[in-house]
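Below, each chain spelled out in residue letters.
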Amino acid sequence: MTPKAGTTVPTPAPEPAPARAPRPAPWVRTRLRAMPLAALLTAALAFVTVFLAAAFPRLADRGADTALQQFTRSLGANVTNLEVTSGTAPGDTATELETLQQKLDAQIGQRLPLSPVGRVFGTRVKNERSIFNPGYTRFSPNASPMLGLFYLHGLTDRVTLTAGTWPGPAPADGPLPIVLSQQAAEAIGIKIGDVIESGTDGPVPLRSTVTGLYRVNDPQDPFWEGLGCPARACLGLKGDEAWYWTSGFVDGGSLTALSRWGSVGQNFWRLPVDAGSLRADQLDRTRQAIGSYTAGPGMTSLIDTTLRADLHATSLMPDVLSRATDRYQAAAPLGAIGPAGVAGVAVVVLCLAAALSTDRRTAELRLLQARGGSRSGVLLRLLGEGTVTVLPAAVLGTVLALVLLPTPRWVDPVLVALAVTLLAILAFPARAALLWRRPRAAGGRRRVVGELAVLAVTAAAVAEVRRRGVGHPGGGVDPLLVAAPLLLAVSGGLLLARIEPVVVGWLAALAARGRGLVGFLGLVRAARDDSGRRRPSVLPLLALLIAVTATGFGATVLDTVDHSRTRAGRIATGGDVSVGIPVYANLPEAFTKEAGELPGVRAATGAWIEERATFIGGDRDTTDAILVVVEPGAYAEISRTVGVGGYDPAKLAAAPGGKDSPVPALFSQDLAKRLTGGAPQVRTPSGSQMTTSVAGIVTATPALPDPGKPFVVVPAGPATEHLPELKRATRVNKWFAVGDVDPDRVRALLRERGIGSSTQVSGIAKLINDEATAAGRTSSGLPPGYVVHSSREKTAALADDPVQLAAGRLFWYAGLAAAGFALLAVLLTLLRAAPDRTAVLARLRTMGLRPRQGLALIIAEALPQTLAAAVGGGLIAVAAVALLGGAFDLSALVGATVGETLTPALLPVLLPTAGLTLVVCLGVVLETLVAGRRQIASELRAGERQ
C-alpha cells in the first residue's frame, strides 16, 4: 500500500543499550570513610610506636658515638696521633718532606678519618744538647741549659717574629742559624747574634747562632704538642738539680746540617685521627686499621709508596680504643634494659588495639562469614585496611626518627621499625582470624602450658644473668640478659592475672555486705571479662605491670649509681673536702682552726702523713709503711661518713701512762699477721721510734684511699710525746672535713691563711711554682702542690661522663615512654569495655542511678586493676633487683671501680610507681568525665531515635 503524499512513515526506535551494572565500591575506601576516627587513631598509634622503635636505637647510637668522641678528646690531642718517622737522608729537603706528607695523607686517609687540626711534619734532633756558654742562667754549676732543634713546616704561620730575622740556610762550615722563643731567651739570657756552644760531635763543633726571636700565637694549639718546649724556657728537674731547656727552629734549607748537629736526626709526620668521626660500632675496625699501619700490611704499603725502608709508625690510639670498647660494652646492656621494657609495653598496647578493633567489628565479621565470605578473602581485606592506614604513618615515623636523630647507622632502626610496622598491620587480621576457630572445651590447658613455658624461660634467664653478670667489660649486649627484667615482669603479670580476679572477687563479696551497690558492682565487673567469666583480659594488667617494673628497676639502678658515685667521690677525696700541700710546706694552725669553723663543717681534722716511715713487727722484721697522725674523735666521724676504716674513737684516744707506754694504733690488713710475738713499733725517717698497741685492724682509711703499701694510724696527742719532730712544730700536711662545705671558701682561706709567707716557697720549690704559673698549671690561684679536693666536684666530674649520661638518658626516656604506653593501655581497656559499660549504666539510670554514682562505678571498675598492677609491679621490681642485682657491675655507669651491687630499696621504686599510678588514675578519671556522660546520654536516647 502506497502512503499518501505528505505523510511521514514512522521508523522503529532503536533498542536501548543494556544498563551497566553498578561497580561495587572499593572495600578499603568504604571502610575508611565509614570509620575515619578509628582509622586516624590507628594511624596515630602506629606513628608513635614506629617512631619510638626507630628512635631508641638512634638514641643509643648517638649516645655511644658522643661518649666515644668526648672520651677520646678528653685524653688530649696527643693520644689521637698516628706518628710516622724515618731517619734523615742526605738528600732530604723541605719539598721532599711535603711530598711524602701528601702521600701519607692520601693512603692513610683512605682507611682512617684524619683531622687537619694538629697536623705537622718536619725534622727533629733526637738528642738535646747542653749550652756551655758562660753567663747564661744556671741554678747549679753542673746543670747547664739544654737546647733541642727542629724544622717545622708552617712555623711562620703560628708564631710572630718579635726581633731579628728568620734564619736562612746553614752555611757550609758556620754555625747553624736558629730562632728562639723570646721568653726562653730572656729566661736563659740569650741575645740575638749569640753563638751557642753545644760541645762537639767527634771533630765537628756543634754551634748555632740566634738570628731572631718569636712569640707563639697560641701556646694551647695542638700543633705544639710533643715538640719540645717552643713557647718558653721549661724547667728540668733531677734530684736537687734544676735547669732550663727550650727548643729552637731552623730553616727548611738546613736539614742536612740539622741532622749533623745532633748526630741522630729524625723526620716525622704527625697525622691526627679525627676524634669527631669515630664511631662506636667501628671501634674494632678502626683499631685494626691503626694496627695495620703500626705493624702490618699497611706499613708495608707505606714503605712501598714512600720508598723509605726505615719508615716506622706509632700511636696510642689502640690502647685508647680498647679502653673505649670496654666502657661501651659495659654500659650498653645497662642502657638497653629500659628500651626492652618499652618494647614489651608497646607490643601489649598494639595487641590491645587489635582486640578493641575486633570487638567493635565482631558483628560485621560474623555477618560476612554467614553470607559466604571466605576466611582468606576477609582477612586480605582487613590486611588492606591495615596497610593503607598503618603504612604511611609508619613510613612517616621512621623518616622523622632518621631525620631528627641523625647518625651514620640506619639499618638497625629501619629493621626495628619494619618489625613494629608488620606487627601493627598483622595484629588486627590475626586477632580477627580467631573468630573462625572452632570452639574448644573449657579447660585452659594451653594457657597453663604457655605460662609454664614463660616461667621456665624466665628462670633460665635469671640463672644465666646471675652466672655471667651484666655490665662487665667485653661482655656486649646479650638479648637474653637484657630481657631478664622484662621476663620477670611478664611472669609476674601472668601470676597476678591469676590472683587478681580472685582477690577482687573476695573484695566484691565483702562489699556486697554493705549498703551501697556502686562499689560492689564495680568490683564484680572488674573481676570478670565481657563474657562474664572470672578471667578478665591479661593484656591491660600486663602492660601496666611491665611499665611499673621497668620504671622501678631503672630508677633503682640510677639511684644506686648516684649513691655509689657520691661514695666514690668521698673515698677519692678522703671526706667531703680535703687539702693537700707540697712536701716542703706545712699547714699553719691558723688555717686548720678557721677551716674547722667554716659553715657546714661537721667534723674536721688536720693530719700528718709520713710516707717514709718504717714498721717493725713483733718478729723484728721491718717493712716500709705510711704513718698517719690524726685527732681520733674527728677522724672517726670522717671515717664513719666516708664508710672507710671505721673504728671506735675511744680505743684510739686512750691516754698513755707515760712516754714509754705504747701508743694505740690502727693497722692495715696486710700488717695483721705481723702483730704477734711482741709490741710493734714505728720509726720515722728522722730516727724517732714509738711502740704501739693494737687498737684495731682496718682495710683502708680516708687519708689513704689507695695507699699502695701498709699504713699505721695513731692519735696526735700520744704520738707527739714520742716523736720529737712533732713536738718542735705542729706538723700538718693534710686536712680533712665532712659536711656541706663550700670548696671555694676553703680555697680562699687556704690562699689567705694556709700558704704562709713568701720565704716558705724558695729554692727549687719557687722554681716549680714559677714554672707552673708560666705553664698555666696553677689551680684556682694556688701554687703547685697546694690543692683542694671536693667530693661534690669529684662526683660532678664522674657524673659528667658521657657514657653514663647516655645510659641515664635512655633510662629516663624509656620510663616516660613506658608510662605513656601504660596510660594508653588503660584507655584502650576502657574503650574496649565502653559499649557494655554504657548499656549497663543506661539500664541502671532507668532504675534511679544518679550520674555521680555512674561515674563512681566506672572508676571503681577501672582502679582495681591499676592498683593491682602498681603494687604488683613495685613488688616485682624489688624482686628483680634482689634476684639480678648481684650480677650487675655498675662501674661503667658510676665512672669509677666500685664494689656496690644493686640492692632492693623502697624509695626508688615507690616514687616512680606512685607517679605512674597517679598518671594512670588521672587518665581514667578524665576519660570517665569526658566520655562517660556523653555515652550514657546517647544510650538513653537510643529509643527516641528508633
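Structure shown above.
Residues numbered from 1 in each chain as written. Predicted model: local features only at pLDDT ≥ 70, side-chain atom pairs only at ≥ 80, totals over all residues. Heavy atoms only, no water.

1. Structural notes on the packing of helix α2 (residues 36-74) against helix α11 (residues 411-433)
To keep it simple, the criterion reads: A fitted line through C-alpha atoms represents every axis, and for helices the fit uses only the stretch in contact; the resulting angles, taken between N-to-C directions, go from 0 to 180 degrees. A run of H or I in DSSP becomes a helix once it reaches four residues, and a run of E becomes a strand once it reaches two; helices and strands are each numbered from the N terminus. Throughout this description, any angle smaller than 35 degrees is read as roughly parallel, any larger than 145 degrees as roughly antiparallel, any in the 65 to 115 degree range as roughly perpendicular, and the remainder as oblique. By definition, any crossing whose near helix is turned counterclockwise from its far helix by less than a right angle is left-handed, and any crossing with a clockwise turn is right-handed. Only heavy atoms enter the contact rule, under which two residues are in contact if any of them lie within 4.5 Å. Think of it as three bins: nonpolar holds Ala, Val, Leu, Ile, Met, Phe, Trp, Tyr, Cys and Pro, charged holds Asp, Glu, Lys and Arg, and polar takes everything else, Gly as well.
The N-to-C vectors of α2 and α11 enclose an angle of 155°; their axes lie 8 Å apart at closest approach. Taken together, α2 and α11 sit at an angle that is classed as roughly antiparallel. Helix-helix and strand crossings are classified by hand; for α2 and α11 the assignment is right-handed. On α11, the residues touching T49, V50, A53, A54, P57 and R58 of α2 are P413, V416, A417, V420 and T421. For the contact of α2 with α11, the per-class residue count stands at 8 nonpolar, 2 polar and 1 charged.

2. Observations concerning the state of the cysteines
The condition that has to hold: Throughout, a disulfide means two cysteine sulfur atoms within 2.5 Å of one another. Buried means the residue's accessible area, taken with a 1.4 Å probe over protein chains only, is under 20% of the maximum for its type, while exposed means over 50%, and partly exposed covers the values in between.
Here the structure, examined in full by the defined rule, presents 1 disulfide. Between the sulfur atoms of C229 and its disulfide mate C234 the distance is 1.8 Å. Taking the torsion about the sulfur-sulfur bond, which here is approximately 80°, the covalent link between C229 and C234 counts as right-handed. Comparing C229 with C234, the two get one shared label, buried.

3. Quick look at the environment of L32
One can find L32 in helix α1 (residues 27-34). The sequence separation of L32 and E385 amounts to 353 residues, and the corresponding C-alpha distance is 7.7 Å. Apart from the residues lying within four places of it in its own chain, the contact partners of L32 are A39, V388 and T389.

4. Considering the nonpolar core
Applicable threshold: Here, nonpolar core refers to any group of buried Ala, Val, Leu, Ile, Met, Phe, Trp, Tyr and Cys residues whose side-chain atoms link them within 4.5 Å.
Ranked by internal contacts, the top residues of the largest apolar core, which has 84 residues, are F553, V557, F888 and L890. Sort the elements by how many residues they give to this core and helix α16 (residues 538-573) lands first, with 13 residues. Contact partners of F553, with chain neighbours within four places excluded, come to I337, P485, A877, A880, V881, F888 and L902.

5. With respect to the side chain of S208
Among the structural elements, S208 can be located in strand β8 (residues 204-216). Judged by its relative accessible area of 0%, S208 is buried. In this structure S208 touches L147, P175, L176, I178, D194, V195, I196 and W261, once residues within four positions along its chain are discounted.

6. Considerations on the pairing of strand β14 (residues 601-616)
Convention followed: Only strands that DSSP links by at least two bridges are regarded as paired with each other.
Two elements, β14 and strand β20 (residues 734-739), share 6 bridges in a ladder whose sense is antiparallel. Residue pairing in the sheet places G606 in a bridge with W735 of β20. Here β14 pairs with strand β15 (residues 622-630) via 7 bridges, running antiparallel. Across the sheet, I609 pairs through a bridge with V628, a residue of β15. Between β14 and β15, which pair antiparallel in sequence order, lie 5 residues; one of them, R620, sits at a positive phi of approximately 65°. When β14 meets strand β17 (residues 681-683), the two strands line up antiparallel, connected through 3 bridges. Paired with T614 across the two strands is R683, which belongs to β17.

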